[in-house]
Amino acid sequence: MKQVRVGMIGYKFMGKAHSHAYRDVPMFFPKVARPVMKAICGRDAQGVAQAAEQFGWEGQCTDWRELLKRDDIDVIDINAPSDAHKEIALAAAAAGKHVFCEKPLALTLADSREMLKAAEEAGVKHMVGFNYRFAPAVQLAKKLIEEGRLGQIYHFRAWFLQDWIVDPDFPLVWRLQKEIAGSGSHGDLGAHLIDLAHFLVGDLTEVIGMSDTFIKERPLPTSMTGLSAKGSKDAPKGAVTVDDATLFLARFASGALGSFEATRFAPGHRCTNSFEINGSKGSVKFDFERMNELQVYFTDDADDVQGFRRVLATDPSHAYAEAWWPPGHTIGYEHTFIHEIVELMQAIGEDRQPVPNFVDGVKCQQVLEAVELSIAERRWVQVEEL
Ligand code: SOE
């Protein structure tokens with residue numbers, strides 16, 4: 001069995017999710033190339049050593065450049081904050097390493113294009129972490145659309161609602177700082193919606209958006225990891241430099257109409273990544289908080305049983321289901337990462353580009369920036385303008 005030796009940068013929230021995926025792939029997907037967890041990298045020596053031990057990495061380091069020098073590492077997995085993506089990806093490609101990078105691909109469209117160019121010129125595999133594509137229920141939606149069972153697609157409406165920073169005393173974490181995150185809910189959550197739109201319905205041609213930052217400044221944190229942070233509400237404050245919410249309308253190349261909403265100010269919604277697609281022959285609805293289910297409606301159902309019905313995407317006919325448990329034994333968030341690592345391992349094993357890759361990352365960045373331009377200039381923006 002081919003082995004794929006991995007070096008990873010980042011050991012907190014995404015580092016844990018990716019590490020778990022690398023450990024589970026050989027157990028549940030024994031026929032794909034086997035990931036070998038060579039080394040994990042993080043700036044804090046004690047923190048990364050503890051993560052290496054806990055997550056099962058052979059070694060660890062505090063300078064990511066060490067990973068690029070090693071001839072026993074084939075893939076560099078970047079899940080450091082967004083401002084580090086470009087430098088690491090360019091250096092990894094130049095070192096001949098395959099690159100898996102968390103979303104959003106970069107801080108800017110120009111940076112993402114530079115990353116794609118470098119990866120293509122280096123002839124390495126490149127992938128971006130749009131994990132929600134890999135939920136079996138999302139794969140089922142894609143299958144229904146491709147089989148024509150929804151007919152002509154009229155509407156794609158998507159919303160990614162969270163509430164972890166509604167408290168104005170929640171500290172100023174990196175996701176709220178433009179120079180590190182690039183944008184707020186737009187690039188963090190809206191990026192997923194844009195990628196799902198591309199995956200399920202196709203390219204967008206024009207957009208117009210609006211955004212706001214509801215809480216303008218927050219206390220500086222004493223510590224942070226993932227979506228949690230510690231700090232006193234009486235601590236010195238720093239300016240929030242990203243959007244708290246961004247909404248936009250869009251037209252697809254297919255003619256379908258799109259509406260997108262990303263916010264971190266929707267109390268009661270912890271991680272409501274949802275979409276609904278309406279076509280001439282039916283509709284589908286997905287809500288990540290009920291990620292094993294797809295609500296489907298078909299116009300040709302008998303008149304007396306017309307209505308949305310729930311499909312549990314855990315039967316053998318559903319994507320990835322046979323690797324897991326009997327029908328009805330549901331899976332979770334972590335499985336979307338396992339499935340994307342399966343795609344990465346399969347692509348490397350089959351010597352093809354994984355999907356989604358940096359091309360998809362650039363397409364997403366282009367829409368993100370088109371929306372930002374539309375907000376700045378208060379007009380419709382053609383995506384191809386960028
Ligand atoms: C925080 O908003 C976050 O963890 C995002 O960064 C992830 O990409 C998303 O999957 C869940 O929410």
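Below or above, wherever it landed, is the structure these notes cover. These figures come from a predicted structure and were not determined experimentally.

### So, helix 1 (residues 13-28)
In this model, helix 1 (16 residues) spans 22 Å end to end at C-alpha, consistent with the 22 Å of a helix rising 1.5 Å per residue. Of the residues making up helix 1, those classed as buried are Met14, Gly15, Ala17, His18, Ser19, Ala21, Tyr22, Asp24, Val25, Pro26 and Phe28. Check the buried side of helix 1 and you find it contacts strand 1 (3-9), strand 2 (34-41), helix 2 (45-55), strand 4 (75-78), strand 5 (98-101) and helix 9 (333-349).

### Describing the site of the ligand
The local shell around the ligand consists of Phe13, Lys103, Tyr132, Gln162, Trp164, Arg175, Asp188, Leu189, His192, Leu227, Cys271 and Tyr333. Between an oxygen atom of the ligand and a side-chain N or O atom of Tyr132, the distance comes to 2.5 Å. Within the side chain of Asp188, a nitrogen or oxygen atom sits 2.5 Å from an oxygen atom of the ligand. Look at the ligand: alone it shows 310 Å² of surface, and the protein chains cover 96% of it. Looking at the shell around the ligand, the element that brings in the most residues is helix 8 (residues 185-200), giving 3 residues. Here the residues of the shell around the ligand sort into 7 nonpolar, 2 polar and 3 charged.

### Describing the sheet that holds strand 18 (residues 309-312)
Across the sheet, 9 strands lie side by side as 18-17-16-15-7-14-13-8-19; this open sheet has mixed pairing. Across the chains shown, the open sheet's two edge strands, defined by having one partner strand only, are strand 18 and strand 19 (381-382). Seen against the sheet, helix 10 (residues 358-377) touches strand 8 (204-212), strand 13 (245-252) and strand 19 and runs at an angle of roughly 60 degrees to strand 8.

### Considerations on the sheet that holds strand 1
Strand order in the open sheet formed by 6 strands is 3-2-1-4-5-6, and the pairing between neighbours is parallel. Looking at strand neighbours, the two that pair on one side only are strand 3 (59-61) and strand 6 (126-128), the edges of this open sheet. Across the sheet, the mean angle separating the axes of adjacent strands is 25 degrees when strand polarity is ignored. Of the pairings in the sheet, the one linking strand 2 to strand 3 comprises 3 bridges and is parallel in character. Within strand 3, the residue paired with Ile40 across the bridge is Gln60. Taken strand by strand, helix 4 (residues 85-94) contacts strand 1, strand 4 and strand 5, and its axis lies near 175 degrees from that of strand 4.

### Notes on the pattern of salt bridges
Per the stated rule, a full pass over the model turns up 32 salt bridges. For the salt bridge of Arg309 with Asp301, the shortest nitrogen-to-oxygen distance reads 2.7 Å. Accessibility expressed as a relative area gives 40% for Arg309, which makes it partly exposed. Residue Asp301 is classed as buried on the basis of its relative accessible area of 16%. The shortest N-O distance in the salt bridge between Glu350 and Arg352 comes to 2.7 Å. Assessed through its relative accessible area of 28%, Arg352 is described here as partly exposed.

### Describing unusual backbone geometry
In the segment running from Lys103 into Pro104, the intervening peptide bond is cis, with an omega of -15 degrees. Locating Pro104 in the fold gives a position in the loop between strand 5 and helix 5 (109-122). Positioned with a positive phi, Tyr320 is a non-glycine residue whose angle comes to about 70 degrees. The residue Tyr320 is located in the loop between strand 18 and helix 9 in this model. A relative accessible area of 21% means that Tyr320 is categorised as partly exposed.

Definitions and limits used
- Residues numbered from 1 in each chain as written.
- Predicted model: local features only at pLDDT ≥ 70, side-chain atom pairs only at ≥ 80, totals over all residues.
- Heavy atoms only, no water.
- Helix = DSSP H or I, 4+ residues; strand = E, 2+ residues; numbered from the N terminus.
- Expected span 1.5 Å × (residues − 1).
- Buried < 20%, exposed > 50% of the residue type's maximum accessible area, 1.4 Å probe, protein only.
- Contact = heavy atoms within 4.5 Å.
- Near = heavy atom within 4 Å.
- Polar contact = N/O pair within 3.5 Å; in protein donor to acceptor, adjacent residues only side chain to side chain.
- Areas by Shrake-Rupley, 256 points an atom, 1.4 Å probe, with all protein chains shown as cover.
- Nonpolar A, V, L, I, M, F, W, Y, C, P; charged D, E, K, R; others polar.
- Pairing = 2+ DSSP bridges.
- Axes fitted to C-alpha atoms, helices over the stretch in contact; angles between N-to-C directions.
- Salt bridge = Lys/Arg side-chain N within 4 Å of Asp/Glu carboxyl O.

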